[in-house]
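Observations on chain architecture
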Amino acid sequence: MSEGVLTEAVRGALAAVLDPEIRKPITELDMVGGVAVDADGRASVGIKLTIVGCPAADAIERDVRAAVESVPGVTDVAVDVSVMTPAERRALTEKLRAGRPARGAQFGPDSLTRVYAVTSGKGGVGKSTVTANLAVALAERGLRVGIVDADVHGFSIPGILGLTDENGVAPRPTRVDDMILPPVAYGVKVVSIGMFVDSASAAVAWRGPMLHRTIQQFLTDVFFGDLDVLLLDLPPGTGDVAISVGQLLPTAEVLVVTTPQPAAADVAERSGVVARQTGQRVIGVIENMAGLVQPDGTVLELFGSGGGAEVARRLSAGQDEAVPLLASVPLSIPLRSGGDVGAPIVVTDPGDPAAVAIRRVAEHLATRSRGLAGRKLGLSVR
Ligand SMILES: Nc1ncnc2c1ncn2[C@@H]1O[C@H](COP(=O)(O)OP(=O)(O)OP(=O)(O)O)[C@@H](O)[C@H]1O
Ligand SMILES: [Mg+2]
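In what follows, the accompanying structure is described. (Residues numbered from 1 in each chain as written. Chains lettered and ligands numbered in written order. Predicted model: local features only at pLDDT ≥ 70, side-chain atom pairs only at ≥ 80, totals over all residues. Heavy atoms only, no water.)

Bringing the sheet that holds strand β8 (residues 184-185) into the picture now. Here eight strands make up an open sheet; going across it, the order is β8-β9-β5-β10-β4-β11-β12-β15 and the pairing mixed. Of all the strands in the sheet, the pair left with one neighbour each is β8 and β15 (325-330). Sheet analysis places strand β5 (residues 145-149) next to strand β9 (residues 188-192), joined by five bridges and oriented parallel. Its bridge partner being in β9, Val 145 is matched across the sheet by Val 188. Running over the sheet, helix α8 (residues 264-277) touches β4 (114-119), β11 (253-258) and β12 (281-290) and is turned about 170° from β11. (Pairing = 2+ DSSP bridges. Helix = DSSP H or I, 4+ residues; strand = E, 2+ residues; numbered from the N terminus. Contact = heavy atoms within 4.5 Å. Axes fitted to C-alpha atoms, helices over the stretch in contact; angles between N-to-C directions.)

The following block contains the structure:
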């Protein structure tokens with residue numbers, strides 16, 4: 001094979017190597033410098049990383065080596081790793097923004113990304129657990145998924161998705177100039193205030209305007225790329241963050257999580273009503289912590305029953321389209337322990353009834369149409 005043909009084959013192989021953070025081929029990111037193959041089949045490849053000490057450097061080098069070695073005719077690979085110049089980096093961030101101004105928010109009115117805000121009236125009903133597992137289930141279906149952990153005071157998504165170290169601290173995301181690259185867990189791009197504080201227990205005592213700015217910054221500076229679905233894990237209640245989300249993400253639709261407890265229905269309904277007041281549509285209710293089937297076949301209804309259906313019924317009364325109860329997720333020890341150790345059960349224990357119920361919600365979200373005339377469907381399978 002001629003050297004020219006081999007060189008092209010090597011370039012072709014490099015097009016299959018993705019930057020693990022940006023999740024695009026390194027060839028598209030202008031990260032490949034010189035490529036040469038000599039008469040003996042020895043290939044040399046120059047790779048330009050975005051920043052010094054890029055945490056993905058080892059993975060990229062390994063993938064490049066493997067890709068080039070797999071080209072028939074290549075006998076040896078030398079990878080020369082360097083770092084982009086500031087000008088190259090600027091060109092890259094501009095390219096990634098694809099014309100969007102540096103301070104422009106992603107997911108504006110023209111965005112094709114479907115944005116779902118997961119809310120509840122009460123705390124501790126399992127919003128974060130459900131959001132994280134739902135995101136992973138959607139990613140497993142081939143969708144491009146991101147999560148904004150908008151629970152600034154009680155961030156928990158990095159832990160549930162295994163992004164934290166032994167001290168419970170999440171990694172600080174890589175920055176390329178003013179662009180923040182969200183870490184990826186189980187195929188989901190994640191950003192959380194937990195990635196910008198120094199300890200897992202750090203209390204973030206911010207008031208409304210600061211919260212608003214933080215979420216705004218997540219939506220402008222974090223490079224999510226083209227997402228099919230963005231999930232927002234909201235703090236409990238109907239506070240400032242819910243209102244900010246309404247302003248910053250006008251296309252967001254709302255999923256209300258509630259327990260089966262009849263008394264919880266009032267509070268859950270209120271969170272749905274507030275969402276509507278900020279212009280968002282409630283598109284479904286997820287009941288969580290429903291009856292647990294015990295080994296003897298009896299069902300333990302620790303939190304009662306019927307709350308989810310009741311919230312769905314009440315919220316339906318306020319809008320043209322009925323609000324469906326999308327799933328009733330049972331109490332599940334694996335769901336809880338998976339969250340504790342950062343291993344979402346939709347992956348680790350897919351047969352668990354809670355995982356099955358969450359996957360059902362994912363299927364509903366992945367297949368529903370936007371229902372607005374003239375609007376393209378925001379979901380596409382890669
Ligand atoms: N179906 C379930 N079965 C058993 N445990 C669950 C279930 N859903 C959630 N949990 C557990 O309940 C606790 C609270 O869940 P989670 O943190 O997801 O709730 P939350 O609504 O996000 O809370 P907060 O309001 O504090 O943000 C966690 O320990 C979680 O593992
Ligand atoms: Mg939470």
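Turning next to helix α9 (residues 307-316). Within α9 the residues assigned to the buried category are Gly 307, Gly 308, Val 311, Ala 312, Leu 315 and Ser 316. In an axial view of α9, the angular spread of the buried residues amounts to 165°, which keeps them on one side of the axis. Among the structural elements, β11, α8, β12 and β15 are those in contact with the buried residues of α9. (Buried < 20%, exposed > 50% of the residue type's maximum accessible area, 1.4 Å probe, protein only. Arc of directions from axis to C-beta.)

A few words on the environment of Thr 7. Topologically, Thr 7 is positioned in helix α1 (residues 3-14). The buried category is assigned to Thr 7, whose relative accessible area is 14%. For the pair formed by Thr 7 and Val 74, sequence separation is 67 residues and the distance between their alpha carbons is 9.5 Å. Sequence-distant contacts of Thr 7, that is, excluding residues within four places in its chain, are made with Val 35 and Val 37.

Note that Ala 39 resides in the loop between β1 (32-37) and β2 (42-49). Spatially, the C-alpha atom of Ala 39 lies 9.9 Å from that of Val 74, the residues being 35 residues apart in sequence.

Our next topic: the sheet that holds β2. Within a sheet, adjacent strands bond to each other through the backbone by hydrogen bonds, running parallel or antiparallel. Sheet architecture is open: three strands sit in the order β1-β2-β3, paired in mixed fashion. Looking at strand neighbours, the two that pair on one side only are β1 and β3 (76-83), the edges of this open sheet. Going from strand to strand, the sheet's axes swing by 10° on average, the running direction of each strand aside. As paired elements, β1 and β2 share four bridges and run antiparallel to each other. Looking at β2, one finds that Ala 36 is bridged to Ser 44.

Across all of its chains, the model carries two cavities of 30 Å³ or more by this definition. By volume, the largest cavity amounts to about 70 Å³. If you trace the largest cavity, you find 13 residues lining it, with Leu 234, Ala 242, Ser 271, Ala 275 and Gln 280 closest to the centre. For the lining of the largest cavity, the elements supplying multiple residues, two or more each, are β4, α7 (240-248) and α8. Top element by residues in the lining of the largest cavity is α8. It accounts for three residues. (1 Å grid on protein atoms, 1.4 Å probe; cavity = no way out; pocket = protein on both sides within 12 Å on 5 of 7 lines; lining within 4 Å. Points joined across faces, edges and corners; volume = space filled by probe spheres on them.)

Turning our eyes to something else, we now look at the side chain of Ser 120. Mapped onto the secondary structure, Ser 120 falls in the loop between β4 and α4 (127-140). Owing to a relative accessible area of 0%, Ser 120 belongs among the buried residues under this scheme. Within the local environment of Ser 120, its side chain forms a polar contact with the backbone oxygen of Lys 122, the two atoms lying 2.5 Å apart. Polar side-chain contacts of Ser 120 include one of 3.0 Å to the side chain of Lys 127. Residues in contact with Ser 120, not counting those within four places in the same chain, are Val 125, Lys 127, Pro 236, Gly 237, Val 257 and Ser 271. (Polar contact = N/O pair within 3.5 Å; in protein donor to acceptor, adjacent residues only side chain to side chain.)

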